[in-house]
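Secondary and tertiary structure notes
Given next are the chains, with one letter for each unit.
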Amino acid sequence: MVLGRRLRHLREQAGASFDEAARAIDVTPLTVRRMEKAEVGLRIPYVRELLHTYGVSAQETDDFLALARKANQPGWWYKYRDVLPDWFSAYVSLESEATVIRVYEPHYVPGLLQTHDYTTALMRVGFPSESEDEIERRVDLRMRRQELLTKPESPALWAILEETVLRRPVGGRGVMQAQVERLIEALDLPRVRLQIMRYATGAHPGAFGPFHYFRFGFTELPDVVYTESLAGAVYVDQPDDVVSYLEVLDRMTVQAEPVSRTRAILDELRKEL
């Protein structure tokens, strides 16, 4: 996505139209558009010729091509492609590159904070016709994603959970006890913040459904909001739309219990289980 935007910037800087760029590599203008929007891979011969057409220096071309080759390499999640829908692979990619992840979750504990048993219970409900091996593959993928939080360059994770999330039984009492303990442990991670939205809060602006907000360390990459449905997902990156979600998150952080109260709330709930 970053390289696609850089290609667009270089084309515009050179004063080249889509038609002119397309003629340089003998493709349709639509192909150039799709390259700039990261809807297709960056074929090295195409990129090299485009950079030459745009008057890019030899050194800058070499640097760009090195990044393009790296971008074309499959992510670590590629080996899970048998259980990873195309519409969710983009999410894993964004999650892996984000510097800030903000989450509103009214139904379940966010995937990055789930225990193995909690995830397994959810997968068995969500994919009742799959074999145990397939379920375990899905669980392994989620557990692998969680390594992100323990890396030195881990993103800041700020999640708002409805009280319902903590009281909805998933997998039985023991599973829920372990899950609450996992959330308490997560509070000790330096870049994790959790807030609880109490029942008594009543209506709030985010009650329409769960969503995830991503911010990145690249100026070329806009903030992205992810929402999903039963059969797919929507990735929102138009600035006005993203700002609307961000404003909702900011308002909810005020309505939810403060971060300083989260540990006490989780301790109380653990005693009730």
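Right above here is the structure, for reference.
Quick summary incoming for the structure in this document. (Residues numbered from 1 in each chain as written. Predicted model: local features only at pLDDT ≥ 70, side-chain atom pairs only at ≥ 80, totals over all residues. Heavy atoms only, no water.)

Observations concerning the side chain of Thr 253
By secondary structure assignment, the location of Thr 253 is in helix 11 (residues 239–255). Given the relative accessible area of 17%, Thr 253 is considered buried. Separated by 2.6 Å, the side chain of Thr 253 and the backbone oxygen of Asp 250 make a polar contact. Residue contacts for Thr 253: discarding those within four places in its chain leaves Arg 102, Trp 158, Ile 160 and Gln 195. (Helix = DSSP H or I, 4+ residues; strand = E, 2+ residues; numbered from the N terminus. Buried < 20%, exposed > 50% of the residue type's maximum accessible area, 1.4 Å probe, protein only. Polar contact = N/O pair within 3.5 Å; in protein donor to acceptor, adjacent residues only side chain to side chain. Contact = heavy atoms within 4.5 Å.)

What to know about the pattern of salt bridges
In total, this model carries 17 salt bridges according to the counting rule given. Between Arg 34 and Glu 39 there is a salt bridge, with its nearest N and O atoms 3.5 Å apart. Since its relative accessible area comes to 34%, Arg 34 is described here as partly exposed. According to the relative accessible area criterion, Glu 39 is partly exposed, its value standing at 47%. Across the pair Arg 124 and Glu 132 runs a salt bridge, and its minimum N-O distance is 3.0 Å. The exposure class assigned to Glu 132 is partly exposed, which follows from its relative accessible area of 47%. One continuous salt-bridge network, built from bridges that share partners, spans Glu 163, Arg 167, Arg 198, Glu 268 and Glu 272. (Salt bridge = Lys/Arg side-chain N within 4 Å of Asp/Glu carboxyl O.)

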